[in-house]
Amino acid sequence: MKARVSQVERLRDIMAKLRAPDGCPWDREQTHETLAPYLIEECCELLEAIDRGDVPHMQEELGDVLLQVVFHAQMAEEGGAFDLEAVARGIADKLVRRHPHVFGEDRLKTSGEVLHQWEQIKRAEKGVPAHVPEPFVKPSPGTLPALMRAVDVYKQLAKKRRLPTAAEVHDEVAVARLAEGLDEAAAGRRLFELAAACRKAGIDPEAALRRHVARVCDRARDEHDPARGR
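Cut-off values and rules
Residues numbered from 1 in each chain as written. Predicted model: local features only at pLDDT ≥ 70, side-chain atom pairs only at ≥ 80, totals over all residues. Heavy atoms only, no water. Core = buried A, V, L, I, M, F, W, Y, C linked by side-chain atoms within 4.5 Å. Buried < 20%, exposed > 50% of the residue type's maximum accessible area, 1.4 Å probe, protein only. Helix = DSSP H or I, 4+ residues; strand = E, 2+ residues; numbered from the N terminus. Phe/Tyr/Trp six-rings, centres within 6.5 Å; stacked < 30°, edge-to-face > 60°. Expected span 1.5 Å × (residues − 1). Arc of directions from axis to C-beta. Contact = heavy atoms within 4.5 Å. Salt bridge = Lys/Arg side-chain N within 4 Å of Asp/Glu carboxyl O. Patch = residues over 30% accessible without salt bridge, like charges linked within 9 Å, V, L, I, M, F, W, Y side chains within 5 Å. Areas by Shrake-Rupley, 256 points an atom, 1.4 Å probe, with all protein chains shown as cover. 1 Å grid on protein atoms, 1.4 Å probe; cavity = no way out; pocket = protein on both sides within 12 Å on 5 of 7 lines; lining within 4 Å. Points joined across faces, edges and corners; volume = space filled by probe spheres on them. Nonpolar A, V, L, I, M, F, W, Y, C, P; charged D, E, K, R; others polar.

## Quick word on the nonpolar core
Within the largest apolar cluster, 10 residues are counted, these being Val-137, Ala-150, Val-153, Leu-157, Ala-166, Val-169, Val-213, Val-216, Cys-217 and Ala-220. Those elements that place two or more of their residues in this core are helix H8 (146-160) and helix H11 (205-224). No other element matches the four residues that H11 contributes to this core.

## A look at the packing of aromatic side chains
Any two aromatic rings considered together are summarised by their centre-to-centre distance and by the angle between their planes. All told, the structure shown has one aromatic pair when counted by the stated rule. Here the aromatic rings of Trp-26 and Tyr-38 are separated by 5.9 Å at their centres, their planes lie at 80°, and the arrangement is edge-to-face. Remark: Tyr-38 occurs in helix H3 (residues 32-52) and Trp-26 occurs in helix H2 (residues 25-29); sequence separation between them is 12 residues. Owing to a relative accessible area of 40%, Trp-26 belongs among the partly exposed residues under this scheme.

## Here we look at helix H7 (residues 111-125)
With 15 residues, H7 ought to run about 21 Å at 1.5 Å a step, and its terminal C-alpha atoms sit 21 Å apart, in line with that. Among all positions of H7, only Gln-117, Ile-121 and Arg-123 are buried. Down the axis of H7, the smallest arc covering the buried residues is 160°, so these residues share one side. For H7, the exposed residues lying more than 90 degrees away from the buried face are Ser-111 and Leu-115. Packing partners of the buried residues in H7 comprise helix H5 (84-97) and helix H6 (100-103).

## Let's talk about the pattern of salt bridges
If you walk through the whole model with that rule in mind, you get nine salt bridges. Its salt-bridge partner being Arg-97, residue Glu-125 comes within 2.5 Å of it at the nearest N-O pair. You can see Glu-125 sitting in helix H7 and its partner Arg-97 sitting in helix H5, a full 28 residues away along the chain. A residue is classified by how much of its surface remains accessible, and Glu-125, at 33% relative accessible area, is partly exposed. Judged by its relative accessible area of 40%, Arg-97 is partly exposed. With a closest N to O distance of 3.4 Å, Asp-218 and Arg-221 form a salt bridge. Of this pair, Asp-218 and Arg-221 both sit in helix H11, three residues apart, which is roughly one turn of that helix. Each of Glu-48, Arg-52 and Asp-54 takes part in salt bridges that share partners, so that together they form one network.

## Some thoughts on a nonpolar patch on the surface
On the surface, Leu-66, Val-69, Phe-82 and Val-87 cluster together to form a nonpolar patch covering roughly 290 Å² of accessible area. Mapping Leu-66 onto the fold places it in helix H4 (residues 55-78). Taking the relative accessible area as the measure of exposure, Leu-66 reaches 36% and is therefore partly exposed.

## With respect to the layout of surface pockets
Empty space within the largest pocket amounts to approximately 1300 Å³. Mapped onto the lining of the largest pocket, the elements with two or more residues apiece are H8, helix H9 (172-179), helix H10 (184-201) and H11. Element by element, the count of residues in the lining of the largest pocket is highest for H11, at seven residues. The residue inventory of the lining of the largest pocket, partitioned by class, reads 23 nonpolar, two polar and four charged. Size it by volume and the second largest pocket reaches roughly 720 Å³. In terms of lining residues, the second largest pocket is bounded by 19 residues, among which Glu-119, Glu-134, Lys-138, Gln-156 and Lys-159 are the most central. For the lining of the second largest pocket, the secondary-structure elements that each account for two or more residues are H7 and H8. In terms of residue count, H7 provides more of the lining of the second largest pocket than any other element does, eight residues in total. When the residues that make up the lining of the second largest pocket are grouped by side-chain class, the tally is five nonpolar, four polar and 10 charged.

Here it is as structure tokens:
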């Protein structure tokens, strides 16, 4: 009696058939590069379903995201690089390795302790010696939207209490004033109005914020290490 095939295995078999010589011409033409925009699109559609609280639609969109993972893994398998099994094994091993407080003898009580341990394990995996200090501002993926990068940088610097003091790049008093009574609806409206104003002024808001965040990082590093700015 044939063992029941899991739906993930079925999906992998379907993808392999689509990519086979007698499969679908469109699927056979794709590369990692040509598929990249679809991955972004599917992730955005999933985020939209999450924002709406549309759980049934979330299932569909998660399937579309999973398809992108299976598609890329199939192409990698065809090139002899890795397969879906290796992808799953890699992330499963990472989760176990980075959660010794769950799968080992360590015991942690707070999410802060968990995040600190995660970063320490991550540095060890990358071969970074314990005595080497962490980057003053951790880099983000180059394709990360500027607004997400801005929030991440602010969070890092605020946590270290190293926000730059130069008024041209940061004014914490102004930030605190803007935050007073701010809710999601008001924040969305202000951001939309600012984006619209940039459009009228001929300014690319994404580029403007990306470059400003870079200035904030540079100023923060210079203040942290005066010798760097000389």
